[in-house]
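Survey of secondary and tertiary structure
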Amino acid sequence: MRYILCAALFCSWLGAQDNPSLSPLSPQGDAIFYVNGIDYHFISLMNYTVVVAAHSVANGKFLGVKVRILNNGRHSVTVRPENVRVEDAIAGRDVAAISGMELAKKMRRPYNWSRYAVNAAAGQAPEAGGDSETADRQQRDLMLAMLMATQMGNAPPVLSRRSITEVAAEPDSDIAPQATFSDEVSHLRRKEASRPDVLMQLQRQVSPDYVERTSFLANTIPPQADQDGVFYYPMGKLARAPAAAKKAAKSRMVRVRVPVGEVEFQFMLAVE
């Protein structure tokens, strides 16, 4: 009987190695730092560190989830976008992602330019209406969106896909083994604040090319390097907390699961 039990445990261990969904979970709880008013959550383990932030983008039509993965180990690790999951914590269901390429394709359609663009004059996109004033305002906003999209489409990239180590004038020093928690927070915050914040940019007038360029792509991360990008999810698919006001900020909650190597990092984020 003892040999049968040992054999069963060994088989289950082999199955766990082949199935990423059975990988061990990261410790519950995470740390937070802030950049431009956006809260960045991170969990740091021996081999990997994952930083996650979320905010509404594209005129509040989509949720942008920015993920940065730092490989602190000695071996390369491959991360695929399809393995990252976002769950509506209130409704208790997974939310289907929309790729940056697909969202950019939607933004390139003329009738969507003003819908997904921030109205620079009023701070929000106009709602559909029946009166002539609303129609004129929509037409003006559409023309403005077309002009700005054309200009930004010809502009040089705002955010490079290379790591901070590659683009900075001075090499980005690694965290020393004896570094304190405060040192690590400063290191991670410096990485996020050293270039224009992609989540802040996506709340403004941006081109479809920028959306596509900054999306998270499958990549193999070598040791002492990092990879970052944005995932997109329809805001309309997220449920609001029953006790929260309809327009209250952070009335939605999502659980983000990021598997890296044999570890699944979990984050609980309030959506604004």
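Calculation criteria
- Residues numbered from 1 in each chain as written.
- Predicted model: local features only at pLDDT ≥ 70, side-chain atom pairs only at ≥ 80, totals over all residues.
- Heavy atoms only, no water.
- Salt bridge = Lys/Arg side-chain N within 4 Å of Asp/Glu carboxyl O.
- Helix = DSSP H or I, 4+ residues; strand = E, 2+ residues; numbered from the N terminus.
- Buried < 20%, exposed > 50% of the residue type's maximum accessible area, 1.4 Å probe, protein only.
- Phe/Tyr/Trp six-rings, centres within 6.5 Å; stacked < 30°, edge-to-face > 60°.

Description of the pattern of salt bridges
Applying the stated criterion across every chain yields a total of eleven salt bridges. Between Arg-108 and Glu-212 there is a salt bridge; the shortest N-O distance is 3.2 Å. With Arg-108 in helix H2 (residues 100-108) and Glu-212 in helix H8 (residues 208-213), the pair connects residues that are 104 residues apart, well separated along the chain. In this structure Arg-108 comes out as partly exposed when scored by relative accessible area, which is 37%.

A closer look at the packing of aromatic side chains
Here the structure, examined in full by the defined rule, presents three aromatic pairs. Plain terms: the ring middles of Phe-33 and Phe-42 are 6.0 Å apart, the flat faces sit at 45° to each other, and that makes the pair tilted. Judged by relative accessible area, which is 3%, Phe-42 ranks as buried. Look at Phe-216 and Phe-231: their rings are 5.0 Å apart centre to centre, the planes differ by 20°, and that puts the pair in the stacked class. With a gap of 15 residues between them, Phe-216 in the loop between H8 and strand S8 (219-221) and Phe-231 in strand S9 (residues 225-234) connect regions that are remote in the sequence. The same class applies to Phe-216 as to Phe-231, namely buried.

Read these as geometric descriptors, not functional statements.
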